[in-house]
Amino acid sequence: QQQVKQSPQSLIVQKGGIPIINCAYENTAFDYFPWYQQFPGKGPALLIAIRPDVSEKKEGRFTISFNKSAKQFSLHIMDSQPGDSATYFCAAPPSYSSGSARQLTFGSGTQLTVLP
Amino acid sequence: DTAVSQTPKYLVTQMGNDKSIKCEQNLGHDTMYWYKQDSKKFLKIMFSYNNKELIINETVPNRFSPKSPDKAHLNLHINSLELGDSAVYFCASSPPPQGAYGYTFGSGTRLTVV
């Protein structure tokens, strides 16, 4: 079964700073690795995702860096804004050996606060 | 609007009661899920259905029973509610092939057992 470790648990940055959230997964997987953003009172929403054969993916101010050999990936938020304050979850797809069970395994979440 | 919708949004009930949470998606997705989010925000998979068939049943008490009347609906029934069941429950769906990418979550049902 896939395992995912996410850090830090919480993060406070000033507006304009570049928060970085890190995740490590245990088992090799071949499907997309997504990040989700969750605002209070809402469900998680897909933010950005990366294929494991790509080292970097940018969408607007959000960038995923992927290190396949180290089984690590991270989310960078450029020019962070107070509106980015939310909980961020990384997720990993199932490993090769998961058979028909195709659910994502989520990290434990990072509470990001961007101060004005 | 295309979405995953859950009802009710809030549910307050006494210990020992039985309650249901309903979920519907109009995205045409084949796979639906129930997740439990605890007070520390941890998201734990409970069940997964693909085209009305149960494909994942994690270790949850058998007081929890999912039902999928069709591929657009996945309901969660909980018997004999306990204090520890208090959490936010999210329904989600994903496109084929039993997609591990592109989950769409509902807005959650906050269950409080008193």
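Quick summary incoming for the structure in this document. Residues take numbers from 1 onward in each chain, read along the sequence in its written order. As they are written, the chains are lettered A onward and the ligands numbered 1 onward, keeping that order. Totals for whole chains, interfaces and linings use every residue, but because this is a predicted model, local features are given only for residues with pLDDT of at least 70 and side-chain atom pairs only at 80 or more, for both listing and counting. With hydrogens and water stripped out, all remaining heavy atoms of the structure feed into the side-chain values.

Concerning the sheet that holds strand β1 (residues 4-7) of chain B
Residue and element names in this part refer to chain B. For two strands to pair, DSSP has to find at least two bridges joining them. Where helices and strands are cited, they refer to DSSP runs of H or I of at least four residues and of E of at least two residues respectively, numbered from the N terminus. An order of β1-β3-β8-β7 is seen for the 4 strands of this open sheet, with the pairing classed as antiparallel. In the strand order of this sheet, the two ends are held by β1 and β7 (64-70), each with one partner. For this sheet, the mean inter-axis angle between neighbouring strands, taken without regard to orientation, is 20°. Pairing between β7 and strand β8 (residues 73-78): 5 bridges, direction antiparallel. Looking at β8, one finds that Pro66 is bridged to Leu76. Lines fitted to the C-alpha atoms define the axes, with helices restricted to the stretch that makes contact. Angles between their N-to-C directions range from 0 to 180 degrees.

Some remarks on the state of the cysteines
All names here are of chain A. Defined by distance alone, a disulfide is two cysteine sulfur atoms within 2.5 Å. In this structure the tally under the stated criterion is 2 disulfides over all chains. Here Cys23 pairs with Cys90 through a disulfide, and the sulfurs are 1.8 Å apart. Looking along the S-S bond of the Cys23-Cys90 disulfide, the torsion reads about -90°, which is the left-handed sense. Placement of the pair is Cys23 in strand β3 (residues 20-25) and Cys90 in strand β9 (residues 86-92), with a sequence separation of 67 residues. Accessibility assignment for this pair places Cys23 and Cys90 in one class, buried. Each residue is assigned to one of three classes by its accessible area relative to the maximum for its type, calculated with a 1.4 Å probe on protein chains only: buried under 20%, partly exposed between the two thresholds, exposed over 50%.

Re unusual backbone geometry
In this structure, Pro8 of chain A follows Ser7 of chain A across a cis peptide bond, with omega equal to -5°. Relative to the helices and strands, Pro8 of chain A is located in the loop between β1 (4-7) and β2 (10-14). In this model, Thr7 of chain B is joined to Pro8 of chain B through a cis peptide bond whose omega is 0°. Tracing the backbone shows Pro8 of chain B in the loop between β1 and β2 (10-13). The backbone phi angle of Asp79 of chain A is positive, close to 45°, even though this residue is not glycine. Residue position: Asp79 of chain A is located in the loop between β8 (72-77) and β9.

A few points about the side chain of Thr109 of chain B
Residues and elements named next belong to chain B. On the secondary structure map, Thr109 appears in strand β11 (residues 109-113). Since its relative accessible area comes to 0%, Thr109 is described here as buried. Two residues form a contact once any of their heavy atoms are found within 4.5 Å. Contacts of Thr109, omitting those with residues within four sequence positions, involve Gln6, Thr7, Pro8, Lys9, Leu11, Ile21, Ala87, Val88 and Tyr89.

Digging into the interface of chain B and chain A
Residue-level contacts link 23 residues of chain B with 23 residues of chain A. When the two sides are added together, the surface that chain B and chain A hide from each other amounts to roughly 1,800 Å², 60% of it contributed by carbon and sulfur. We define a salt bridge as a contact between a side-chain nitrogen of Lys or Arg and a carboxyl oxygen of Asp or Glu at a distance within 4 Å. Our count for the contact surface shared by chain B and chain A stands at 0 salt bridges. Within 3.5 Å is the distance limit for a polar contact, defined as a pair of N or O atoms, with the added protein rule that one can donate a hydrogen and the other accept it, and that residues adjacent in sequence qualify only through two side-chain atoms. If you look at where chain B meets chain A, you find 5 residue pairs in polar contact (both at pLDDT 80 or more). Elements supplying a minimum of two residues to the side of chain B that touches chain A: β4 (31-37), β5 (43-50) and β6 (53-57) of chain B. Per-element accounting of the side of chain B that touches chain A gives the leading share, 3 residues, to β4 of chain B. Each residue is assigned to one class: nonpolar for Ala, Val, Leu, Ile, Met, Phe, Trp, Tyr, Cys and Pro, charged for Asp, Glu, Lys and Arg, and polar for all the others, Gly among them. Across the side of chain B that touches chain A, the residue classes tally to 13 nonpolar, 6 polar and 4 charged. As a working definition, buried area equals the accessible area (1.4 Å probe) given up by two parts on being put together, with both sides summed.

What to know about a positive patch on the surface
Patch membership requires over 30% relative accessible area and the absence of a salt bridge. Like charges are linked within 9 Å, and nonpolar side chains (Val, Leu, Ile, Met, Phe, Trp, Tyr) within 5 Å. Here the accessible surface of atoms and residues is derived via Shrake-Rupley with a 1.4 Å probe, and residues count as covered only by protein chains that are part of the display. When charges are counted, neither His nor the chain ends are considered; positive counts come from Lys and Arg and negative counts from Asp and Glu. For charged residues, the charge sits on one atom: NZ in Lys, CZ in Arg, CG in Asp, CD in Glu. Among the surface-exposed residues, Lys42 of chain A together with Lys9, Lys41 and Arg110 of chain B lie close enough to one another that they form a single positively charged patch. Structurally, the position occupied by Lys41 of chain B is in the loop between β4 and β5.

Structural notes on the layout of surface pockets
Here the largest pocket defines a volume of roughly 250 Å³. Points on a 1 Å grid over protein atoms alone make up a cavity when a 1.4 Å probe fits among them but cannot get out, and a pocket when they form an open set with protein on both sides within 12 Å along at least five of seven lines; lining residues each have an atom within 4 Å of a point. In this structure, the largest pocket is lined by 19 residues; those nearest its centre are Gly41 of chain A together with Gln37, Lys41, Val88 and Arg110 of chain B. Those elements that place two or more of their residues in the lining of the largest pocket are β9 (87-94) and β11 of chain B. Here the residues of the lining of the largest pocket sort into 6 nonpolar, 8 polar and 5 charged. Grid points are joined across faces, edges and corners, and a volume is the space filled by probe spheres set on the points.

Some points on the nonpolar core
Throughout, nonpolar core names a set of buried Ala, Val, Leu, Ile, Met, Phe, Trp, Tyr and Cys residues whose side chains join them through atoms within 4.5 Å. The biggest cluster of nonpolar side chains holds 24 residues, and the ones touching the most others in it are Phe33, Trp35, Phe73, Leu75 and Tyr88 of chain A. Contributions of two or more residues to this core are made by β2, β3, β4 (33-38), β5 (45-50), β7 (62-67), β8, β9 and β11 (110-115) of chain A. By size, the runner-up hydrophobic cluster in this structure holds 20 residues, among which are Cys23, Met32, Met46 and Phe47 of chain B.

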